[in-house]
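Breakdown of the fold
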Amino acid sequence: MNNLKNFTKGFIKENPVLVLFLGLCPTLGTSNSAINGLSMGLATTFVLVLSNVVISSISRFIPDKVRIPSYIVVIASFVTVVDFMMKAYLNTPGKNFEPSIYDQLGIFIPLIVVNCIVLGRAEAFASKNGVFASLIDGLGMGLGFAFALFMLGSVRELLGNGSILGFKFIKGDGMLMFVSPPGAFLALGFLIMLMRKLNQKLAKN
Amino acid sequence: MAKKESNFTNMLATLLIVTFASSAALGFIYELTKKPIEDALLYKKTLAVQIVLPEFNNDPFGEAKRVAVGKDTLNIYPGRKDSVLTGVAVETSAPGYGGDIRLLIGFLPDGTIREVAVLEHKETAGLGDKILKSKSDFPLQFEGKNPDNFKLGVRKDGAGEVDAISASTITSRAYCKAVQKAYDALKKGEIENE
């Protein structure tokens, strides 16, 4: 498989959220605004890239029976690194004391450990491929995840609050439902529908 | 890639090496981020104190006092300008709908509420998060009121004079309770001019 294909498959053909349905818990939980979705996506990308690189380089030394615990330790370490980093550098509240990005993502950052995308890519790709290919795979999958979360977050923020990334487009309060959990399911459903349509078109050509 | 055979020694060795390496790396990162994390938390609290207190030029954290109210112990931070008391910030909390709501409340020396900052909350987006000043006018009804003659309770419960956020009565009750607790701490703390 060439590297470009390897990179782009994460966006459309094998998008982790919209096609493979992996990692739906953080997707539904953190996509109530565009910025939250994007930050969660980028944090996951960071973990995914580094864990893929490390796992692909150590997998040949790891006995088969203890590979899952070893991978989880590697992944958990990188998640903790992200957690520390965000707590240190993305923890500044706004001028009027709006909660910081770290405060808003809160519990979901440590939960990247159990995001099935990360372990899934380690097991399905990184443990069987070279370091560079795994890096590209992690980057593609991670950015595909971030892209899906950003799209979902933008749609929900626009419908629920009338804004994207905090810039107001529509006056008034918007449809509250889209900021709360039911809206996440609805918006995700429609995004998946669009994605299927797109993939069908691409398959025909 | 060929699978590596597992036996007791190599499994033990692998797990030992992996866990040891990761703990070493984490220890290093912890040391590296310890200072910035402390700075960020302190900045957050300092910002909140600056928002809720009137002008001051002392160190409110240096003069912090701990006061027991009921089962809880609350931190209170007096703000002084040239050793004249200008206001007192009280850190308080009460269980809301989604978890503890933590507030920092600025009182004037006579007990009037000056301003409230929400330090932490997990209320429902779009409903309970209207306790934030950026989201609704709910917090404004507390400003300039003195709990001595302003009953902190939700009007529809018949408990006080606060109009609850619609569809978020539990959140509103918790908010009132937290403010009341802060006021009790303020009275009990007896912070005077120096």
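It should be noted that the structure appears before, not after, this text.
A brief structural summary. (Residues numbered from 1 in each chain as written. Chains lettered and ligands numbered in written order. Predicted model: local features only at pLDDT ≥ 70, side-chain atom pairs only at ≥ 80, totals over all residues. Heavy atoms only, no water.)

1. Some thoughts on the overall build of chain A
Helix and strand content of chain A: 8 helices and 2 strands. Along its sequence from the N terminus, chain A presents helices and strands in the succession α-α-α-α-α-α-α-β-β-α. Taking 17 Å as the expected radius of gyration for a compact globule of 205 residues, we find that chain A reaches 18 Å, a close match to that expectation. Taking the principal axes of the C-alpha coordinates as reference, chain A spans close to 60 × 50 × 25 Å. Looking at chain A as a whole, 47% of its 205 residues are labelled buried. For chain A, contacts bridging at least 24 residues in sequence account for 72% of all contacts bridging at least 6. Element-wise, carbon and sulfur atoms account for 72% of the exposed surface of chain A, whose accessible area totals about 9,700 Å². In chain A, the 17 positive side-chain charges and the 9 negative ones have mean positions that sit 11 Å from each other. (Helix = DSSP H or I, 4+ residues; strand = E, 2+ residues; numbered from the N terminus. Rg over C-alpha atoms; globule rule 2.2 N^0.38 Å. Buried < 20%, exposed > 50% of the residue type's maximum accessible area, 1.4 Å probe, protein only. Contact = heavy atoms within 4.5 Å. Areas by Shrake-Rupley, 256 points an atom, 1.4 Å probe, with all protein chains shown as cover. Lys, Arg positive; Asp, Glu negative; His and termini not counted. Charge placed at Lys NZ, Arg CZ, Asp CG, Glu CD.)

2. Concerning the layout of surface pockets
By volume, the second largest pocket amounts to about 280 Å³. In terms of lining residues, the second largest pocket is bounded by 15 residues, among which V54 and V74 of chain A together with V18, A21 and S22 of chain B are the most central. Those elements giving two or more residues to the lining of the second largest pocket turn out to be helix 3 (34-58) and helix 4 (67-89) of chain A together with helix 1 (8-52) of chain B. For the lining of the second largest pocket, the residue count by class is 12 nonpolar, 3 polar and no charged. (1 Å grid on protein atoms, 1.4 Å probe; cavity = no way out; pocket = protein on both sides within 12 Å on 5 of 7 lines; lining within 4 Å. Points joined across faces, edges and corners; volume = space filled by probe spheres on them. Nonpolar A, V, L, I, M, F, W, Y, C, P; charged D, E, K, R; others polar.)

3. Notes on helix 2 (residues 169-189) of chain B
Along its 21 residues, helix 2 of chain B runs 30 Å from first to last C-alpha, staying within 8% of the 30 Å computed at 1.5 Å per residue. A positive backbone phi angle near 50 degrees is found at E190 of chain B, which sits one or two residues after helix 2 of chain B. (Expected span 1.5 Å × (residues − 1).)

4. Comments concerning the packing of helix 4 of chain A against helix 6 (residues 116-126) of chain A
Helix-helix packing is described using two parameters, namely the angle between the two axes and the distance between the axes. All names here are of chain A. The interhelical angle for the contact between helix 4 and helix 6, taken along N-to-C directions, is 130 degrees, at an axis separation of 11 Å. The angle between helix 4 and helix 6 places the two elements in the oblique class. Both helix 4 and helix 6 take part in a crossing whose hand is right-handed. Mapping the contact onto sequence places R67, I68, Y71, I72 and I75 in helix 4 and V118, L119, A122 and E123 in helix 6. Split by residue class, the contact of helix 4 with helix 6 holds 7 nonpolar, no polar and 2 charged. (Axes fitted to C-alpha atoms, helices over the stretch in contact; angles between N-to-C directions. Parallel < 35°, antiparallel > 145°, perpendicular 65-115°, else oblique. Left-handed = near helix turned anticlockwise from the far one by under 90°.)

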